[in-house]
Amino acid sequence: MKLSSLRQTAVALLTVVGFAHFLRKDFDYNPTTTSSVQSTTSVQQQIKNHINKIQFLAPISCNNIPTDTAPHYTIAEFPLYNKTAVVDYAPWTAEKDTKQIFTESNGGLYHQILAIDPGEIFVDVGANIGQMTMVGLVSGVTTFAFDPLEYDIMKICSGVNETVKRGHTQTTENLHLFRALVGNESQTNVSITRPDDAFGKFEQASLFANTIGVARKPKSYVKEYVPMITLDEIIPPHLPIGLVKIDVQGFEWPVVQGMKGLLERKAGYPRIVHYEEQRRVTLGAGFKLGAVQAFLEGYNYTCKNLGNDISCKK
């Protein structure tokens, strides 16, 4: 397929590195239907019923994912919220096998996730190895996490299982994990590109090889094939959204195009949309710098540039 054709389709990749914090005009929103009123079990069952209607995409059960035979666990502590999570880092990252303490001065996006209202949800687009997803898990809020790579899903599940094992959470019912891309349209089979196994850093991926976040280029690449879904289709209409984080190697534009229905909600719209924008990867993917911000500002969001991240609130 030609590059121009791919850009027209505007496929959005969920990938990698990064930390990034987020019904239509006829949306039927009723505060009495949120989890602040209903039991957690009832809400989670409604979510499962909604997801089951999507025939080409099923949530991941970490019980069915192979165990990481060489884990590198890092403990993330959040004393202001009395929460702790375990993240299984890749062996080539500096954060592996350490303890990180996040206070008021360095909590940043983590604290925004922990501050989400109990009746709202957290959406992690481009979950990578689960740095943000794990925070959503231990916070207790309903968390939707998306990543296309088999390796990343293994790492996320490793962190989930270790977090449970160490007693930092009593349940994983609030986590809905998908091995999938997120974009502006739903498709059953889309390819992504990552470095070959010999290169390492194969938790990095992109729709195009030139936007993969590695300093030196691999000798060869590997393709993986996964479904792609829009947030409008996967997020149940009755759930208010506290925060959407998007870190997808330059494909943030297609992701927000696929969540127009959420942005148009009269109530329950994403309070925060936090996304990454790097000049090299955005332009390399064929999109314009500033386009996402201008788009969100059209929905009355106020955006703040945080370097490579942009946080938009409403």
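See above for the structure.
Tell me about the pattern of salt bridges, and please be specific about residues and values.
A full pass over the atoms with the stated rule returns eight salt bridges. The partner of Arg194 in a salt bridge is Glu224, and the shortest N-O contact between them spans 2.7 Å. Residue Arg194 is found in strand E8 (residues 187-195), and its partner Glu224 is found in strand E9 (residues 221-229); the two are separated by 30 residues along the sequence. Shared partners join several salt bridges into a network, and the residues in it are Asp68, Asp88 and Lys155.

Now, about the sheet that holds strand E1 (residues 73-78): what can you tell me, with residues and values included?
Within the open sheet, the three strands sit side by side as E2-E1-E3. Their pairing is mixed. Strands with a single pairing partner mark the edges of an open sheet, and in this sheet they are strand E2 (83-88) and strand E3 (99-101). Within this sheet the neighbouring strands show an average axis-to-axis angle of 20°, counted without direction. Strand direction decides the pairing type here: E1 and E3, joined by three bridges, are parallel. Within E3, the position partnered with Ala76 by the bridge is Gln100. Against the sheet, helix H4 (residues 131-139) makes contact with E1 and E2, and its axis sits at roughly 145° relative to E2, the strand it touches most. Of the strands in this sheet, E1 and E2 touch helix H5 (residues 150-165), which is tilted by about 140° from E2.

Provide a residue-level description of the sheet that holds E9, including the pertinent values.
Within the open sheet, the three strands sit side by side as E7-E9-E8. Their pairing is mixed. If you trace the sheet from one side to the other, it starts and ends with strand E7 (181-182) and E8, each paired once. Here E7 runs beside E9; their pairing, made up of two bridges, is parallel. Note on E9: the bridge partner recorded for Val182 is Ile229.

For the pairing of strand E4 (residues 121-125), give the residues involved together with the corresponding values.
For E4, the tally of buried residues reaches five of five residues, placing the bulk of the element in the interior. Taking every second residue as pointing to the same face, both faces of E4 are buried, with Ile121, Val123 and Val125 on one and Phe122 and Asp124 on the other. Between E4 and its parallel partner strand E5 (residues 142-147), the chain crosses via H4, and the hand of that crossover is right-handed. Inspection of the sheet shows E4 paired to strand E10 (residues 241-246) by five bridges, in the parallel sense. For Val125, the partnering residue across the bridge sits in E10 and is Ile246.

Can you break down H4 residue by residue, with the values?
In an α-helix, one full turn covers 3.6 residues, which means residues spaced three or four apart are oriented alike. Counting buried residues in H4 gives nine out of nine residues, a clear majority hidden from the surface. When we look at burial in H4, the residues that qualify are Gln131, Met132, Thr133, Met134, Val135, Gly136, Leu137, Val138 and Ser139. Among the residues trailing H4, Gly140 stands out with phi positive, at a value near 95°.

Give me the lowdown on empty space enclosed by the protein, citing residues and values where you can.
By volume, the largest cavity amounts to about 40 Å³. Lining the largest cavity are Gly250, Glu252, Trp253, Tyr275, Glu276, Glu277, Thr282, Phe287, Lys288 and Val292. Those elements that provide at least two residues to the lining of the largest cavity are helix H7 (252-257) and strand E11 (272-276). Across the lining of the largest cavity, the residue classes break down as four nonpolar, two polar and four charged. Considering only enclosed or pocket space, the second largest cavity measures out at about 30 Å³ in volume.

Give me the state of the cysteines: which residues, what numbers.
Per the counting criterion, the structure on display carries two disulfides. Two residues share a disulfide in this structure: Cys62 and Cys157, whose sulfurs sit 2.1 Å from each other. Across the S-S bond of Cys62 and Cys157 the torsion is about -75°, and the bridge reads as left-handed. Placement of Cys62 in the loop between helix H2 (40-52) and E1 and of Cys157 in helix H5 is noted, with a sequence separation of 95 residues between them. Residue Cys62 shares its accessibility class with Cys157, and that shared class is buried. Two residues, Cys303 and Cys312, share a disulfide whose sulfurs are 2.1 Å apart. Linking Cys303 and Cys312, the disulfide has an S-S dihedral of approximately 110° and is accordingly described as right-handed. For the chain, numbering the cysteines in disulfides from first to last along the sequence yields the connectivity 1-2, 3-4.

The rules behind each value
- Residues numbered from 1 in each chain as written.
- Predicted model: local features only at pLDDT ≥ 70, side-chain atom pairs only at ≥ 80, totals over all residues.
- Heavy atoms only, no water.
- Salt bridge = Lys/Arg side-chain N within 4 Å of Asp/Glu carboxyl O.
- Helix = DSSP H or I, 4+ residues; strand = E, 2+ residues; numbered from the N terminus.
- Pairing = 2+ DSSP bridges.
- Axes fitted to C-alpha atoms, helices over the stretch in contact; angles between N-to-C directions.
- Contact = heavy atoms within 4.5 Å.
- Buried < 20%, exposed > 50% of the residue type's maximum accessible area, 1.4 Å probe, protein only.
- Right-handed = clockwise from strand over helix to strand, strands pointing away.
- 1 Å grid on protein atoms, 1.4 Å probe; cavity = no way out; pocket = protein on both sides within 12 Å on 5 of 7 lines; lining within 4 Å.
- Points joined across faces, edges and corners; volume = space filled by probe spheres on them.
- Nonpolar A, V, L, I, M, F, W, Y, C, P; charged D, E, K, R; others polar.
- Disulfide = S-S within 2.5 Å.

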